[in-house]
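Descriptive structure summary
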Amino acid sequence: MANIDHKQGTYTIPANASQQYTFWWGRDSKAPNEFFDVSIAPHHDKDRRTMEPLRQTDRSVVWDLRGGVGVVLFITLQNPNSFAVTFEANHVRIY
């Protein structure tokens, strides 16, 4: 049976900006013998009636040779809104 682990982090992308975010599991990574991914979930801002969606404009994966790092995921997001957007990055790994 597979093991499933979850971590989450809170980030903010500035208004009208594109920004690259870097994610990896950490010291107990089982890479390359694991599934690792990150989902992005914007926070609801009750003071804003509308919000344009954050856009993922690039995604790439690399192997980091430093001990215990393993697979590194780079996600570039674009915020087309005239205000900063806070979001959760939910890290999931299955091994």
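This text goes with the structure placed above it.
What you see is a predicted model, and the numbers here were worked out from it, not measured in a lab. As a convention, each chain's residues are numbered from 1 in the sequence order in which they are written. This being a predicted model, a pLDDT of at least 70 is required before a residue's local features are given, and a value of 80 or more before pairs of side-chain atoms are given or counted; all residues contribute to the totals for chains, interfaces and linings. As a convention, hydrogens and water are excluded, and side-chain values are obtained from all of the structure's heavy atoms.

On to the overall build of the protein chain. By the criteria applied, helices consist of DSSP H or I runs no shorter than four residues and strands consist of E runs no shorter than two, each listed in order from the N terminus. Per the secondary structure count, the protein chain includes zero helices and six strands. Sequence-ordered secondary structure for the protein chain, helices as α and strands as β, is β-β-β-β-β-β. The C-alpha extent of the protein chain, read off along each of the three principal axes, is 45 × 25 × 15 Å. Burial classes: relative accessible area under 20% of the type maximum marks a residue as buried, over 50% as exposed, and values in between as partly exposed (1.4 Å probe, protein chains only). Residues counted as buried form 33% of the 95 residues belonging to the protein chain. Taking the intrachain contacts of the protein chain between residues at least 6 apart in sequence as the baseline, contacts between residues at least 24 apart amount to 76%. Note on areas: these come from Shrake-Rupley sampling with a 1.4 Å probe, and a residue is covered only by the protein chains present in the view. Accessible surface, the protein chain: about 6,200 Å² in total, of which carbon and sulfur atoms supply 51%. In the protein chain, 10 side chains carry a positive charge and 10 a negative one; their mean positions are 2 Å apart. Residue contacts follow a heavy-atom distance rule, with two residues in contact if any of their heavy atoms lie within 4.5 Å. Neither His nor the chain ends is counted toward charge; the positive residues are Lys and Arg and the negative residues Asp and Glu. Positions of charges follow a simple convention, taking NZ of Lys, CZ of Arg, CG of Asp or CD of Glu.

The next point concerns the pairing of strand β6 (residues 85-94). Counted residue by residue, β6 has seven buried out of ten residues, so it is predominantly covered. Both strand β1 (residues 4-13) and β6 contribute to a ladder of ten bridges, which runs antiparallel. Its bridge partner being in β6, threonine 10 is matched across the sheet by glutamate 88. When DSSP locates at least two bridges between a pair of strands, those strands are taken to pair. Where strand β3 (residues 35-42) meets β6, eight bridges bridge the pair, whose relative direction is antiparallel. Each bridged residue has a counterpart across the sheet, and for isoleucine 40 the counterpart in β6 is alanine 89.

What follows is about unusual backbone geometry. Here the residue pair alanine 31 and proline 32 is connected by a cis peptide bond, since its omega of 10 degrees sits within 30 degrees of zero. Within the secondary structure, proline 32 sits in the loop between β2 (17-24) and β3. In the Ramachandran plot, asparagine 16 falls in the positive-phi region, its phi being about 50 degrees despite a non-glycine side chain. Take asparagine 16: its relative accessible area is 56%, and that puts it in the exposed class.

All right, on to the environment of tyrosine 11 then. As for its position among the elements, tyrosine 11 is in strand β1. Classification of tyrosine 11 as partly exposed rests on a relative accessible area of 27%. Setting aside residues no more than four positions away along its own chain, tyrosine 11 makes contact with Tyr21, Phe23, Val85, Thr86, Phe87, Ala89 and His91.

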